[in-house]
Amino acid sequence: MDAHNRFGSDNKDAVVGGEALQPTSTATVIRADGQGGFLVTDGAYAETKEALGGYYVIEAADLDAALAIAKQVPAKFGCVEVRPVMVFS
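A. Here's a closer look at the overall build of the chain. Counting secondary structure elements, the chain contains two helices and four strands. In sequence order, the secondary structure elements of the chain are arranged as α-β-β-β-β-α. Dimensions of the chain along its principal axes, counting C-alpha atoms only, are 50 × 35 × 20 Å. Here the chain, with 89 residues, has 11% of them falling under the buried criterion. For the chain, the proportion of contacts with a sequence separation of at least 24, taken over those separated by at least 6, is 51%. Counting every atom, the chain has about 7,800 Å² of accessible surface; 54% of that belongs to carbon and sulfur. Here the chain contributes 7 positively and 12 negatively charged side chains, and the mean placements of these two sets differ by 7 Å.

Here it is, written out as structure tokens:
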């Protein structure tokens, strides 16, 4: 946790949001049933070796700047994925 706190402090001008997530075992999945209703089930969407543990939302001038910040994320047990936010206009 200390490493994440340092990351946030070191990048306070770029980090605009983010949260840790509970394990996939706490997930609830909602799927359309194809007949106008929904199917609600407990558990993760799919079995996988990797799961999203949390996220940061950052503002960066371009992809290179975003990657420079992402390289600082303390991902001790996994990797960091960088994606732009979808903008609808």
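B. Representation of the environment of Ala27 within the structure. Position of Ala27 among the secondary structure elements: in the loop between strand E1 (15-20) and strand E2 (28-32). Judged by its relative accessible area of 27%, Ala27 falls in the partly exposed class. Sequence separation between Ala27 and Gly43 is 16 residues; the distance between their C-alpha atoms is 4.9 Å.

C. Structural context of the packing of aromatic side chains. In this structure the tally under the stated criterion is one aromatic pair. Arranged with centres 4.7 Å apart and planes meeting at 55°, the rings of Phe7 and Tyr56 form a pair that is tilted. Here Phe7, found in helix H1 (residues 2-10), pairs with Tyr56, found in strand E4 (residues 54-58); they are 49 residues apart in sequence, far enough to count as distant.

Cut-offs and rules
Residues numbered from 1 in each chain as written. Predicted model: local features only at pLDDT ≥ 70, side-chain atom pairs only at ≥ 80, totals over all residues. Heavy atoms only, no water. Helix = DSSP H or I, 4+ residues; strand = E, 2+ residues; numbered from the N terminus. Buried < 20%, exposed > 50% of the residue type's maximum accessible area, 1.4 Å probe, protein only. Contact = heavy atoms within 4.5 Å. Areas by Shrake-Rupley, 256 points an atom, 1.4 Å probe, with all protein chains shown as cover. Lys, Arg positive; Asp, Glu negative; His and termini not counted. Charge placed at Lys NZ, Arg CZ, Asp CG, Glu CD. Phe/Tyr/Trp six-rings, centres within 6.5 Å; stacked < 30°, edge-to-face > 60°.

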